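Single-letter residue listing:
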Amino acid sequence: MAIKLNPGDGRTRSSVSIFIVVGLCCFFYILGAWQKSGFGKGDSIPIEVTKVTKTASECTNPTLTFETRHAGDTASLDGDSGSKPKAFKPCSSKYTDYTPCQDQKRAMTFPRENMNYRERHCPPENEKLRCLVPAPKGYVTPFPWPKSRDYVPYANAPYKSLTVEKAIQNWIQYEGNVFRFPGGGTQFPQGADKYIDQLASVVPIENGTVRTALDTGCGVASWGAYLWSRNVIAMSFAPRDSHEAQVQFALERGVPAVIGVLGTIRLPYPSRAFDMAHCSRCLIPWGANDGMYMMEVDRVLRPGGYWVLSGPPIHWKQNYKSWQRPREELEEEQRRIEETAKLLCWDKKYEKGEIAVWQKSTNPDSCRSRQSKVKFCDASEADNVWYKKMEACVTPYPDTNNQEEIETQLKPYPTRLHAVPPRIASGSVPGVTVDAYLDDNKQWQKHLNAYKKVNKLLDTGRYRNIMDMNAGLGGFGASLSSPKQWVMNVVPTIADRDTLGAVYERGLIGIYHDWCEAFSTYPRTYDLIHANGLFSLYKGKCDLEDILLEMDRILRPEGAVIFRDEVDTLVQVKRVASGMRWDLKMVDHEDGPLVPEKILFAVKRYWVTGDNSNATSSQ
């Protein structure tokens, strides 16, 4: 027989139980905080932040949505106490494609010799834009990969010049409200796939030996786009142009690319980074300046790597008339290229039609006799490249008495992604041991799992172009590795240690950059940005506001940002970002609220030029 209970007694017992549980929780929280501090001061997190933070697993705030909606959500999120933050105004519509350090008007004031005017020339402090760069009217989220390889919405890059200029070369076609990229190119009229097939008969592209590639003068980066299906990732670059928007098209397609040129300063990549370098009619004068440009390619090409040159002057005897260039000029250009290649210890492996392939030797002793008159660069400066003048000198092989270490081939990809990079195994990265590297891998997998609990779209293909602004050993990018996305691993020039060479040895790509300046890309070229400890690193170096405005410039509408930093730093970041038409949410570290490091998630609202409906950001 069931026993009847007085409803009032049940409520009383429940109330008492809840009171006891809450009391115990409070007691142990205070006790834990006291033990952690050692002086009974408790957690140093500001009270206002503590009120609104949750652990990543608990964060289910429905107003912070990562889905594509093409409309801003003005719902209020958690905010900081105090006065209303500064609201940043939109820039004029003429700045929709503004690239601060490659601005056309500024560029024309610099010398044209050796393409100097096409290099980075950033505005002085008093000329920096401190407004939000708008998207053009009609802007839409790009197609997901792999459809984006072949189609780009016209509204996102409304420039038809290439459809006329490259019409017979099958680069790009305008079809209604989209551009179509058939995969053609000046040197591969039958398509990039057929061209790559020809290269693959000489270069080990298919087995993972070649993973990282450099495409100089990339055009719309069809070569890099079609290499992707073969598990090869290409870093493509081309100069900023006034109307063709080649690099912009490459990034809209979802292909890694930056604005850049071989000119007077070194390329922003570490030595021995790439498994292959490529030039398809890239119009670089390889034989000029005592072979300086080939020597720069040699610096970034690893021992055993390949250099591919297709187009002039290769096969000049049959093509000089169609190229409309004098025989003597082309013959001399090829002679200089062949001569420089020998000095660099490159052996020609293939020449057929307009394609030639060289391979860099793995053994520097095998060609010492060729280099009796060669000027060698300072080996200690091989990775010191930021605004450093390019010189006609040969970068020596690593200083080691162990020839086997030089000749050791990297493991095939994807095995090399998590294998210990040779630079770490040999102790070349100060302060990073093998154990520290392995621990870093585990830590980033843990961080990524926490991120996914908040942003469930991280590995769905929603984000194709991803940037890690302070990449370290590349752990974030390695944990995210997927055919659906790629990560630009940025190592700041002021970082405590140079880790970019090790990042490349993992089969990832990246670049050196100083975040006190604008990045070499068009606006709206990244879907997701990750900033780990970046603002602590740059504290006192330059204005936090300028870095955030640059992040907004390169982030797509409805793109996402993940900040990881000390709580007091993130409070400042959050306050500034609250005036930038971003929705924001602070959460605790995955190990709990007592860890002073926090995570700030952000989503950039959708708005276009002339749209002031989202002028008031969430607080």
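Before going into details, it helps to say that this report is about the structure given with it. (Residues numbered from 1 in each chain as written. Predicted model: local features only at pLDDT ≥ 70, side-chain atom pairs only at ≥ 80, totals over all residues. Heavy atoms only, no water.)

### A closer look at the overall build of the chain
So, step 1. Secondary structure assignment for the chain yields 19 helices and 17 strands.
So, step 2. Per-residue burial for the chain yields a buried fraction of 55% across its 619 residues.
So, step 3. Across the chain, every contact between residues at least 6 apart in sequence was considered, and the portion connecting residues at least 24 apart equals 70%. (Helix = DSSP H or I, 4+ residues; strand = E, 2+ residues; numbered from the N terminus. Buried < 20%, exposed > 50% of the residue type's maximum accessible area, 1.4 Å probe, protein only. Contact = heavy atoms within 4.5 Å.)

### Thoughts on the packing of aromatic side chains
Aromatic rings in a pair are described by how distant their centres are and how their planes are angled relative to each other.
So, step 1. With the rule as written, the count across this model stands at 21 aromatic pairs.
So, step 2. Between Phe-274 and Tyr-504, the aromatic rings sit 5.0 Å apart at their centres with planes inclined by 65 degrees, giving edge-to-face as the arrangement. Within this pair, whereas Phe-274 is found in strand β7 (residues 274-280), its partner Tyr-504 is found in helix α16 (residues 500-505), the two being separated by 230 residues in sequence. Tyr-504 carries the same exposure label as Phe-274, and that label is buried.
So, step 3. One aromatic cluster is present, formed by Tyr-154, Tyr-174, Phe-179, Phe-181 and Phe-249 through successive ring pairs.
So, step 4. Above the face of the Tyr-226 ring, Arg-149 is positioned so that its terminal group lies 3.9 Å from the ring centre.
So, step 5. The positively charged end of Arg-464 is found above the aromatic ring belonging to Trp-145, 3.8 Å away from the centroid. (Phe/Tyr/Trp six-rings, centres within 6.5 Å; stacked < 30°, edge-to-face > 60°. Lys NZ or Arg CZ within 6 Å of the ring centre and 35° of its normal.)

### Regarding helix α11 (residues 327-343)
So, step 1. Counted at 1.5 Å a residue, the expected span for α11 with its 17 residues is 24 Å, and the 25 Å between its end C-alpha atoms agrees.
So, step 2. Considered for burial, the residues of α11 that qualify are Leu-330, Glu-333, Gln-334, Ile-337, Thr-340 and Ala-341. Buried residues along α11 cover an arc of 125 degrees about the axis, so they all sit on one side. Across α11 from its buried face, at more than 90 degrees, point the exposed residues Glu-328 and Lys-342.
So, step 3. Where α11 is buried, its residues meet α9 (292-300), β8 (301-310), α10 (316-323), β9 (346-352) and β10 (355-360).
So, step 4. Once α11 ends, the next one or two residues include Cys-345, with phi positive near 65 degrees. (Expected span 1.5 Å × (residues − 1). Arc of directions from axis to C-beta.)

### Quick word on empty space enclosed by the protein
It is a probe the size of a water molecule, rolled over the atoms, that shows where empty space is left.
So, step 1. Under the defined criterion, the tally for this structure stands at three cavities of 30 Å³ or more.
So, step 2. Volume-wise, the largest cavity comes out at about 270 Å³.
So, step 3. Lining the largest cavity are 22 residues, and of these Arg-120, Ile-259, Ile-265, Pro-268 and Ser-520 sit closest to its centre.
So, step 4. Elements with a contribution of two residues or more to the lining of the largest cavity: β6 (257-259) and β13 (509-513).
So, step 5. Per element, the largest residue contribution to the lining of the largest cavity is three residues, and it comes from β13.
So, step 6. Taken together, the residues that form the lining of the largest cavity break down as 14 nonpolar, four polar and four charged.
So, step 7. Both of domain 1 (189-396) and domain 2 (422-604) provide at least three residues apiece to the lining of the largest cavity. (1 Å grid on protein atoms, 1.4 Å probe; cavity = no way out; pocket = protein on both sides within 12 Å on 5 of 7 lines; lining within 4 Å. Points joined across faces, edges and corners; volume = space filled by probe spheres on them. Nonpolar A, V, L, I, M, F, W, Y, C, P; charged D, E, K, R; others polar. Domains from an automatic or database assignment.)

### Re the sheet that holds strand β16 (residues 582-588)
So, step 1. In space, the seven strands of this open sheet follow the order β13-β12-β11-β14-β15-β17-β16, with mixed pairing throughout. Edge positions in the sheet fall to β13 and β16, since each of these pairs with one other strand and no more. When strand polarity is set aside, the average angle formed by the axes of neighbouring strands in this sheet is 20 degrees.
So, step 2. Contacts from helix α19 (residues 567-577) reach β15 (555-566), β16 and β17 (597-604) within the one sheet, and its direction differs from that of β15 by about 155 degrees. (Pairing = 2+ DSSP bridges. Axes fitted to C-alpha atoms, helices over the stretch in contact; angles between N-to-C directions.)

### Quick word on the state of the cysteines
Chemically, a disulfide is nothing more than a covalent bond linking the sulfur atoms of two cysteines.
So, step 1. Counting across every chain of the model gives six disulfides.
So, step 2. Going through the chain in sequence order and numbering each bonded cysteine, the pairs you get are 1-4, 2-3, 5-6, 7-8, 9-10, 11-12. (Disulfide = S-S within 2.5 Å.)

### Brief notes about the packing of α10 against α11
So, step 1. Interhelical geometry of α10 versus α11 gives an angle of 130 degrees and a closest axis separation of 9 Å. It follows from the interaxial angle that α10 and α11 lie oblique. In this structure, α10 crosses over α11, and the sense of that crossing is right-handed. Residue-level inspection shows Trp-316, Tyr-320 and Trp-323 of α10 in contact with α11, the latter providing Arg-327, Leu-330, Glu-331 and Gln-334. (Parallel < 35°, antiparallel > 145°, perpendicular 65-115°, else oblique. Left-handed = near helix turned anticlockwise from the far one by under 90°.)

### Quick look at the pattern of salt bridges
So, step 1. The full count for this structure, using the stated rule, is 38 salt bridges.
So, step 2. We note a salt bridge from Asp-97 to Arg-524, for which the minimum N-O separation is 3.0 Å. In this pair, Asp-97 sits in the loop between α2 (47-52) and α3 (104-107) while Arg-524 sits in the loop between β13 and β14 (526-532), placing the two residues 427 residues apart along the sequence. Pair check on accessibility: Asp-97 and Arg-524 agree, each one buried.
So, step 3. Arg-230 serves as the salt-bridge partner of Asp-193, at 3.2 Å between the closest nitrogen and oxygen. (Salt bridge = Lys/Arg side-chain N within 4 Å of Asp/Glu carboxyl O.)

### Details of helix α14 (residues 434-454)
So, step 1. Spanning 21 residues, α14 covers 31 Å between terminal C-alpha atoms, matching the ideal 30 Å at 1.5 Å per step.
So, step 2. Within the span of α14, buried status applies to Tyr-437, Asn-441, Trp-444, His-447, Leu-448, Ala-450, Tyr-451 and Val-454.
So, step 3. Each element contacted by the buried residues of α14 is listed here: α13 (422-425), α15 (475-480), β14, β15 and β17.

### Remarks on the pairing of β15
So, step 1. With 11 of 12 residues buried, β15 is to be regarded as a mostly interior element.
So, step 2. Sheet topology places β14 next to β15; six bridges connect them, and they run parallel. Opposite Ala-531, over in β15, you have Phe-563 as the bridge partner.
So, step 3. Bridging between β15 and β17 involves seven bridges; their strand directions are antiparallel. Residue pairing for β17: Arg-564 is matched across the bridge by Ile-599.

### Some words on the pairing of β10
So, step 1. Taking burial as the measure, the six residues of β10 include six buried ones, the bulk of the element.
So, step 2. Note: β8 against β10, five bridges, orientation antiparallel. Bridge pairing links Trp-307 to Trp-358 in β10.
So, step 3. One ladder, built from six bridges, connects β9 with β10; its direction is antiparallel. Its bridge partner being in β10, Glu-351 is matched across the sheet by Ala-356.
So, step 4. Where β9 folds back on β10, the antiparallel hairpin that results is connected by two residues, among which Gly-353 adopts a positive phi of roughly 60 degrees.

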